[in-house]
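Take a look at the letters that make up each chain.
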Amino acid sequence: MSFMHQALVFLAATVVAVPLFKKLGLGSVLGYLAAGAAIGPHGAGLISDVENILHIAELGVVLLLFVIGLELQPSRLWNLRRSVFGMGGAQVVLTGVLLAGVGRVLGLSTGAAIIAGFGLSLSSTAFALQLLAEKNQLTAEHGQLAFGILLFQDLAVIPLLAALPLLGVSDSPSTEPGWLLGLKAAGVVLGVVLAGRYLLRPVFRAVASVHSQELFTATALLVVVGTASLVSAVGLSMALGAFLAGVLLSESEYRHELEADIEPFKGLLLGLFFIAVGMSVNLALLAREPWRVLALVLGLTLLKGAVLYGLGRVGLKKPGSAVSLAVVISQGGEFAFVLFSLAVSFHVMDRAQADLLVLVVGLSMAVTPFLSVIHERWVAPRLKPKGPQREYDVSPDQDHPVIIAGMGRVGQVVARLLLARRIGFTAIDASAEHIDFIRRFGNQVFYGDASRLDLLRAARADKARAFVLAIDDMAASLRTAQMVKEHFPHLKIFARARNREHAYKLMELGITSIMRETFDASLAMSSDVLQAMGLSFSEAHRTVERFREHDESLMVETSKVFKDEKKMMEVIARGRRELELLFEKDEAEQKSA
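Quick look at the structure, then. These numbers come from a predicted model, not from an experiment.

### A look at the overall build of the chain
- Across its full length, the chain holds 26 helices and six strands.
- Considering only contacts in the chain between residues 6 or more positions apart, those separated by 24 or more positions represent 72%.
- Per element, the accessible surface of the chain, about 30,500 Å² overall, is 62% carbon and sulfur.

This is how it looks when you write it as structure tokens:
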């Protein structure tokens, strides 16, 4: 098959599989793997030359490690030293040793068991961080600890890659003694460090002075590929060289520019690498030995999860957070594919063993989203009551005319204005940490879920006159609005909407006083922009107010059809034409005046 036909197959498989898997919540990595499995020799057989494609695609791994190096400034590592080097180091060592021991029991050689054990101890950084980000848990305790552990795992790849030549035999063995090879390797690494410290910045400064984006990108690629090739020439991993180059540039003024220039190449080539790995996944093995494969996946997840749970109990002190940590990073990681592929080339393990391990890692990643759903729906609710729970503490000592639900950015501003005018209010927020923080500044805020009827009654909602709905979470906001409308219809609700969809759903409940979160700020900025373009203050103000009136009337009209996309688009298109005609009419009136 020609290069163009191969490129067509790769692109088509990627465009179909990756969006589908991301939409299903399974991540882009699994999408690439599935695409590769579908078009590879074990699937439809559209592509058969897997080895050559893997060699080309390894450049994606090299670029990935360069970007990781760019992100690992020494100062950042120091701030995260406990979670990175303490918990991260303990996780890799404990999990790696246990899995290596299991590998030896199952008949692997010592070298194969070490690479398999420590390779499987690594988790998927991209996969885990995506899950945490989607659930807004990156700043949670278990999210921060997971990030530290993943950071150490990224670092642990380097010594594992460097150990492969020591554990196996290269396809091109050298006749030089080992001590001489080691001396050469140390000399090259020292040379790379010195060049990176004293040479790279002046080079990039000179290139940047030319003001050519293409030249800067070419120089960045030259540094990465050149360093990787130099290190590879003395028997070390190309990835190690790229990582060193990244670390050496991590605190330079060109770090963000380099990362932005490398990112597209890294993404495409890394995607190609995962497709190539997917092509090498032996689906026939799963069909032939399903119980063996599933037992290995279950064993990996349970053993790794048990170690993570133990570390979570030590570091987080909370069973629920420890279980969350174990669920998020108990899968295998993408770097295992790199290790196992290289382990075959160094004869540390045979192809059949690598195929089995690659299949196990891929399936463990596929299982993670399902484990996360099971944890959230059935496990987390059972664990929550077992920990010390804070009682709802809404018991106002007097009847206030205003209730504020949600003391975030919007709620706090409303509260400060009410305080300034000496108007009493009862403030409620569902975050215990948030409440404690606000109370430090002398503000009285009660802890509770404002969507609960008993809590609203305790807050004397029947005596209040206004209800400020400033809850950040859209689902919780709508639940609260429905509860207030149903049981306290006399209350005037002033609601904050995160976006148009939120506003439509509030309007559907019969709420008319809605403040769209960024709308007023956007109009104020637009007025300033119009004045900068030469309009007078009154002209800019009149334009903005005309737009506000039109948009608010359009909101009312579109709220009636927002569930019908076709009608919605028709109303929006008509509204756009009406707005243009309004401004044309205003302009004509001003000219005739």
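After that view of the structure, there is still more to cover.
### Remarks on the packing of helix H24 (residues 519-532) against helix H25 (residues 537-559)
- The N-to-C vectors of H24 and H25 enclose an angle of 145°; their axes lie 9 Å apart at closest approach. Regarding H24 and H25, the two cross each other, and that crossing is right-handed. Touching Phe519, Asp520, Leu523, Ser527, Leu530 and Gln531 of H24 are Phe537, Ala540, His541, Thr543, Val544, Phe547, Arg548 and Asp551, all from H25.
- The residue makeup of the contact of H24 with H25, split by class, is seven nonpolar, four polar and three charged.

### A look at the sheet that holds strand S5 (residues 492-497)
- Spatial strand order, S3-S2-S1-S4-S5-S6: six strands in an open sheet with parallel pairing. The strands lining the two open edges of the sheet, one partner per strand, are strand S3 (446-447) and strand S6 (513-516).
- Bridge count for strand S4 (residues 466-469) against S5 is four bridges, and the pairing is parallel. Bridge pairing in S5 places Phe467 opposite Ile493.
- Docked against the sheet, helix H22 (residues 474-487) engages S4 and S5, running at close to 165° with respect to S4.

### As for the nonpolar core
- Formed by 94 residues in total, the largest nonpolar core has its most connected members in Leu164, Phe204, Phe337, Phe340 and Met349.
- Of the residues forming this core, the biggest block, twelve residues, is contributed by helix H3 (residues 50-71).
- Residues in contact with Met349, not counting those within four places in the same chain, are Ala112, Ile115, Ala116, Phe340, Ala343, Val344, Ala354 and Leu357.
- In this structure, Ala461, Leu478, Val484 and Ile493 belong to the second largest nonpolar core, which totals 29 residues.

### A few points about H25
- Here H25 spans 32 Å end to end across 23 residues, near enough to the 33 Å set by a 1.5 Å rise per residue.
- Residues of H25 that are buried: Ala540, Val544, His550, Asp551, Leu554, Met555, Thr558 and Ser559.

### Quick look at the environment of Met365
- Mapped onto the elements of the fold, Met365 is located in helix H18 (residues 351-383).
- Along the backbone, Met365 and Gln331 are 34 residues apart, and their C-alpha atoms lie at a distance of 5.3 Å.

### A few points about the environment of Asp350
- Relative to the helices and strands, Asp350 resides in the loop between helix H17 (335-345) and H18.
- Taking C-alpha positions, Asp350 is 8.7 Å from Ala112, a pair spaced 238 residues apart along the chain.
- In this structure the side chain of Asp350 is engaged in a polar contact, spanning 2.8 Å, whose partner is the backbone nitrogen of Gln353.

### Some thoughts on the pattern of salt bridges
- Inspection of every chain in the model, using the stated rule, returns twelve salt bridges.
- Residue Glu517 is joined to Arg409 by a salt bridge in which the shortest nitrogen-to-oxygen separation is 3.4 Å. With a gap of 108 residues between them, Glu517 in the loop between S6 and H24 and Arg409 in helix H19 (residues 409-420) connect regions that are remote in the sequence.
- In this structure, Asp551 engages Arg516 in a salt bridge whose closest nitrogen and oxygen atoms are separated by 2.6 Å. Residue Asp551 is found in helix H25, and its partner Arg516 is found in strand S6; the two are separated by 35 residues along the sequence. Arg516 carries the same exposure label as Asp551, and that label is buried.

### Considerations on the environment of Thr95
- Along the polypeptide, Thr95 turns up in helix H5 (residues 81-105).
- Its relative accessible area of 0% is what places Thr95 among the buried residues.
- Residues Thr95 and Gly119, spaced 24 residues apart in sequence, show a C-alpha to C-alpha distance of 9.9 Å.
- Each residue touching Thr95, except ones within four places of it in the same chain, is listed here: Ala90, Gly117, Ser121, Leu303, Lys304 and Val307.

### As for H22
- Over its 14 residues, H22 runs 20 Å from end to end, which matches the ideal 20 Å to within 8%, given 1.5 Å per residue.
- Turning to H22, its buried residues number three or more, namely Ala476, Ser477, Leu478, Thr480, Ala481 and Val484.
- Of the surrounding elements, those touching the buried residues of H22 are helix H21 (453-458), S4, S5 and helix H23 (500-508).
- Capping the start of H22, Asp473 holds a side-chain oxygen 3.3 Å from the backbone nitrogen of Ala475, two or three residues further along.

### A word on the packing of aromatic side chains
- The final tally for this structure, using the stated rule, is two aromatic pairs.
- Relative to Phe152, the ring of Phe85 lies with its centre 6.3 Å away and its plane at 85°, an arrangement referred to as edge-to-face. Linking Phe85 in helix H5 with Phe152 in helix H8 (residues 141-167), this pair joins segments that are 67 residues apart in sequence.
- A ring pair is formed by Phe204 and Phe216, whose centres lie 5.4 Å apart and whose planes are at 50°; its orientation type is tilted. You can see Phe204 sitting in helix H10 (residues 200-208) and its partner Phe216 sitting in helix H11 (residues 213-232), a full twelve residues away along the chain. Just as Phe204 is buried, Phe216 falls in that class too.
- Note that Lys492 overlies the ring of Phe494, its terminal NZ or CZ placed 5.8 Å from the centroid.
- Residue placement shows Arg516 over the ring face of Phe519; its charged tip is 3.9 Å from the ring centre.

### Regarding the side chain of Thr14
- Within the fold, Thr14 resides in helix H1 (residues 3-23).
- Sequence-distant contacts of Thr14, defined by excluding residues within four places in its chain, comprise Pro19, Tyr32, Ala35 and Ile275.

Scoring rules and cut-offs
- Residues numbered from 1 in each chain as written.
- Predicted model: local features only at pLDDT ≥ 70, side-chain atom pairs only at ≥ 80, totals over all residues.
- Heavy atoms only, no water.
- Helix = DSSP H or I, 4+ residues; strand = E, 2+ residues; numbered from the N terminus.
- Contact = heavy atoms within 4.5 Å.
- Areas by Shrake-Rupley, 256 points an atom, 1.4 Å probe, with all protein chains shown as cover.
- Axes fitted to C-alpha atoms, helices over the stretch in contact; angles between N-to-C directions.
- Left-handed = near helix turned anticlockwise from the far one by under 90°.
- Nonpolar A, V, L, I, M, F, W, Y, C, P; charged D, E, K, R; others polar.
- Pairing = 2+ DSSP bridges.
- Core = buried A, V, L, I, M, F, W, Y, C linked by side-chain atoms within 4.5 Å.
- Buried < 20%, exposed > 50% of the residue type's maximum accessible area, 1.4 Å probe, protein only.
- Expected span 1.5 Å × (residues − 1).
- Polar contact = N/O pair within 3.5 Å; in protein donor to acceptor, adjacent residues only side chain to side chain.
- Salt bridge = Lys/Arg side-chain N within 4 Å of Asp/Glu carboxyl O.
- Phe/Tyr/Trp six-rings, centres within 6.5 Å; stacked < 30°, edge-to-face > 60°.
- Lys NZ or Arg CZ within 6 Å of the ring centre and 35° of its normal.

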